[in-house]
Amino acid sequence: MLRQYMDIKEQHPDKLLLFRMGDFYETFFDDAVEASRRLGITLTARDKKKDNPVPLAGFPYRQLENYLNKLIRQGCKVVVCDQVEDPKLSKGLVKRAITDIVTPGAILGDSLLDTADNNFLCALCPDAESGRTGLASIDISTGDFTYTEPDDGHLNAELQRLHPAEIVAPDTETLARVNKLHLEHEPAVTLFEGWRFDSVEAERLLSKQFGAAAIEGLGFASRPAGTLACGMLLTYLHSLKKDDLSHVTEVHYYSMSDFMQIDEVTSRNLELTRNMRNGARKASLLGVIDRTSTPMGARLLQRWLLQPLLDSRLIEARLNAVATLRGAMHLTDDLRTLLATIGDMSRILSKVAALRANPRDLVALAGYLDLAPHVARLLADFDCPMLAQWRDAIDDYSGITASILTTLVDEPPTTITDGGLVRNGNHDELDELRAISREGKGGIARMEQRERERTGIGSLKVGYNKVFGYYIEVTHAHRDKVPDDFIRKQTLVGSERFVSPELKEYESKVLGAEERIKSLEYELFCQLRERLQLEVAHMQSFVEVVAGLDVVCGLAQLAYDENYCRPFLSLEGVMEIRESRHPVVEKLLEGEKFIPNDIVLGEEAGTIALITGPNMAGKSTYLRQAGLIAILAQMGSFVPAASAILPVFDKVFTRVGASDNLAMGQSTFLVEMLETANILAGATTQSLILLDEIGRGTSTFDGLSLAWAIVEYIHNTNRLGSRTMFATHYHELTELENVLPGVKNYSIAVREWNDEMIFVRKIERGGADQSYGIQVARLAGVPNRVIRRARQILANLEEHE
């Protein structure tokens, strides 16, 4: 048995092997030590009395899903090895084989996945000839497969956006490069040296997956690095999964230049998908705007949010769909009610393609497909090109639903080997066997009554268990009445068990029929599943419609619920947002109404808004809401404002808050300057820059000088001239309005009354004449003695400045 174990372990030395032995999954040697530590299970040993006992740790086979979940969440790669023959029928050692290989990026089981998030597996593949790096990503639970060729400057941001569970690298050099990226979520990293740099082999694999004709239209010939990454990803998946990847029907190339660039710093500062306090979805922009009704819609919404569009026509198409739905909320409510009854079709289809779907999956799938004509009928009431396109994409799935619903019972079990799956009247032989089984069981009940009458033992009963089969049980009190044709089988504390020739004959008839029923139902279910596998691509067209429709319906509901307005795109680069609000902060405020403010940049309003005022007054919130509104508009959403005119921004940059990176030896101020340098190097005239408190991490005059020079650089450098909002506590910077025509001063209104500071939270034209730092310290509860002394020192400093 251990030789059998070691032969399998040798094939996958980097993975933890769960080895089925009877009713347990066992681990041995180093795997046992690791499993014990990671799962909190007891570490014991085989052959304890020998010189070299074998470490051993295991758990009951019924708890596989629970323990597998724990291992995968800790970044482990796991091989599941099962007994593939009946121990009762085998001679000698039971045959075992690998039945599944699960890694963090290659998961199909529902319990291991978050319904609202994709679970991406990424491949990073450099191409020496072109000098480019291919980045391919796939979610095998949904079939989403994309690739691109980012430059080094965008690679980190793209991996942060994809948030992969696992990254595959072809060589140690690329592996080291991945490890140096310092991604926040720490994905599993896999070295896949089985892949060789061969674009011909990559194209052959892709041609086999998608069809030779499709390859020519996918642009692989002009993107060798991306081709290699896609080929490597498919090869790696085939090395893990023997499953068919037929649900992966398309691969899409995307250029980074198709979308607004949002680097990882900006995504984190604006809390697009996770809040900064505890990393949860709640209290992030995504958490606030998500009104989707389906898992497919939730995942697509996140993709739209993290990839805002640059093509104004596509943005307008989405906005038109949202506006149409927003204008007919009674019809939109009907659509959303219908969509809410559709579960995760995308992941069910992945299991169908891999021949892993269970009976309940298929019955649920039939129910979802049955809603397709109802969705199409409701869409017919809307006059909008995007909605019409989705309506026309809905096909006839009645043949598929009929094959499922006429084969399976309404509420089948999840297991496929114990029977009870197939409807009566579906298969003649199955109906006959069921009749035999019913007759046999009825005969056994009649036999029990006859034997009671014949023997005079009123308590005699006929029972059944899996070990002995059918038996006749008689208590010891009636032992003397047992007839001669009863054969003793088992003695218990209070009774004896017997069999008789008649009972054995009935048993053979009943159990033989029941075993054949289970076997035949299993065959019929597998045949149904194989037929459905051929229809996966057909059914996926409805999934795409549901996901897109769910997102725009959710955005329409958001606009209705929160009083958002439709943004209009400006060709002149003007940004004019009236009564703008922060979409997250306004939802989190308790007992206080959010104060809206105007945001105006461009042309006469100037390209740089210099915002002064005290800490805590709302400068950071004001900056962030500008960035969030720009992102919402370009993803195709209405925005929190009374009215909004916006340019199409190619990038949004933020430098907000104070943080360090001690692991990299970077102080707070160094991090601040690194982020600022990145902004100044990457921004263009079409970018939006949001800078908050630049220079606060060093001495006053150093910080003031740097802040002054940075504003000048953005204003005077030809390739910049970016729309910029610059919040600062250096009120001295207000002098810049007098020397730079594109700079305009704004301040957060503050009122002082009886030596108290009142935050009005309104943006006013003009600059602040002081920083109010001492007042803020007083609000924070700093002792009065310190406050008084600080005022004296401030007066001295101002006198000698």
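Residues numbered from 1 in each chain as written. Predicted model: local features only at pLDDT ≥ 70, side-chain atom pairs only at ≥ 80, totals over all residues. Heavy atoms only, no water.

Enquirer: Can you break down the environment of L175 residue by residue, with the values?
Expert: Looking at the element boundaries, L175 is found in helix α5 (residues 172-179). Judged by relative accessible area, L175 falls into the buried class, the value being 19%. Distance from L175 to V482, taken between C-alpha atoms, is 77 Å for residues 307 residues apart in sequence. Beyond its immediate chain neighbours, meaning those up to four positions away, L175 contacts A169, V189, T190 and L191. (Helix = DSSP H or I, 4+ residues; strand = E, 2+ residues; numbered from the N terminus. Buried < 20%, exposed > 50% of the residue type's maximum accessible area, 1.4 Å probe, protein only. Contact = heavy atoms within 4.5 Å.)

Enquirer: Hey, could you go over the pattern of salt bridges for me, with residue numbers and the actual values?
Expert: Close approach of charged atoms allows side chains of opposite charge to pair. Applying the stated criterion to the full structure yields 41 salt bridges. Residues R20 and D82 are paired through a salt bridge, measuring 3.9 Å at the closest nitrogen-oxygen approach. Of this pair, R20 sits in strand β1 (residues 16-21) while D82 sits in strand β5 (residues 78-83), and the two are 62 residues apart along the sequence. Residue D82 is classed as buried on the basis of its relative accessible area, which comes to 14%. In this structure, the salt-bridge partner of E158 is R161, at a minimum N-O distance of 2.6 Å. With E158 and R161 both in helix α4 (residues 152-162) and three residues apart, the pair spans about one turn of that helix. Here E158 matches R161 in class, with each residue buried. (Salt bridge = Lys/Arg side-chain N within 4 Å of Asp/Glu carboxyl O.)

Enquirer: Please set out the sheet that holds strand β16 (residues 487-491) residue by residue, giving values where relevant.
Expert: A sheet is described by the order of its strands in space; here four strands give the open sequence β14-β15-β17-β16, paired in antiparallel fashion. The sheet terminates laterally at β14 (461-465) and β16, the two strands that pair on one side only. Between one strand and the next, the sheet's axes are offset by a mean angle of 40 degrees, whatever the strand orientation. The strands touched by helix α19 (residues 428-455) within the sheet are β14 and β15 (469-475), with β14 carrying the most contacts at an inclination of about 140 degrees. (Pairing = 2+ DSSP bridges. Axes fitted to C-alpha atoms, helices over the stretch in contact; angles between N-to-C directions.)

Enquirer: Before we move on, could you go through the sheet that holds strand β11 (residues 188-191) and cite the residues and values that matter?
Expert: Pairing is mixed across the open sheet formed by six strands, whose spatial order is β11-β10-β7-β8-β9-β12. Sheet topology places β11 and β12 (252-253) at the edges, where each strand pairs with a single neighbour. In terms of strand pairing, strand β7 (residues 121-127) meets strand β8 (residues 132-139) through seven bridges, oriented antiparallel. Directly across from L121, in β8, lies its bridge partner I138. Across the sheet, α4 is in contact with β7, β8 and β10 (166-169); its angle to β8 comes to roughly 0 degrees.

Enquirer: Outline the packing of helix α13 (residues 329-339) against helix α16 (residues 372-379), supporting the account with residue identities and numerical values.
Expert: Between α13 and α16, whose axes approach to 10 Å, the crossing angle comes to 165 degrees. It follows from the interaxial angle that α13 and α16 lie roughly antiparallel. Crossing angle aside, the handedness with which α13 passes α16 is left-handed. For the pair α13 and α16, contact is made by D334, L335 and L338 and by H374, V375, L378 and L379, respectively. Tallied by class, residues from the contact of α13 with α16 come to five nonpolar, one polar and one charged. (Parallel < 35°, antiparallel > 145°, perpendicular 65-115°, else oblique. Left-handed = near helix turned anticlockwise from the far one by under 90°. Nonpolar A, V, L, I, M, F, W, Y, C, P; charged D, E, K, R; others polar.)

Enquirer: Go over the nonpolar core with me, naming the residues and quoting the values.
Expert: In terms of nonpolar packing, the biggest core is built from 128 residues, with L387, F542, L549 and M725 touching the most fellow members. With 15 residues, the single largest contributor to this core is helix α21 (residues 536-562). If sequence neighbours within four positions are ignored, F542 has contacts with I342, M345, Y368, L369, L371, A372, V375, I394 and Y397. Within the second largest apolar cluster, 38 residues are counted, among which are L17, F19, C125 and A354. (Core = buried A, V, L, I, M, F, W, Y, C linked by side-chain atoms within 4.5 Å.)

Enquirer: Please set out unusual backbone geometry residue by residue, giving values where relevant.
Expert: With a phi angle near 55 degrees, E271 is a residue other than glycine that sits in the positive phi range. Judged by its relative accessible area of 22%, E271 is partly exposed. Even without a glycine there, the phi angle at E579 is positive, about 55 degrees. Looking at the element boundaries, E579 is found in strand β19 (residues 575-580). Classification of E579 by relative accessible area gives partly exposed; the value is 45%.

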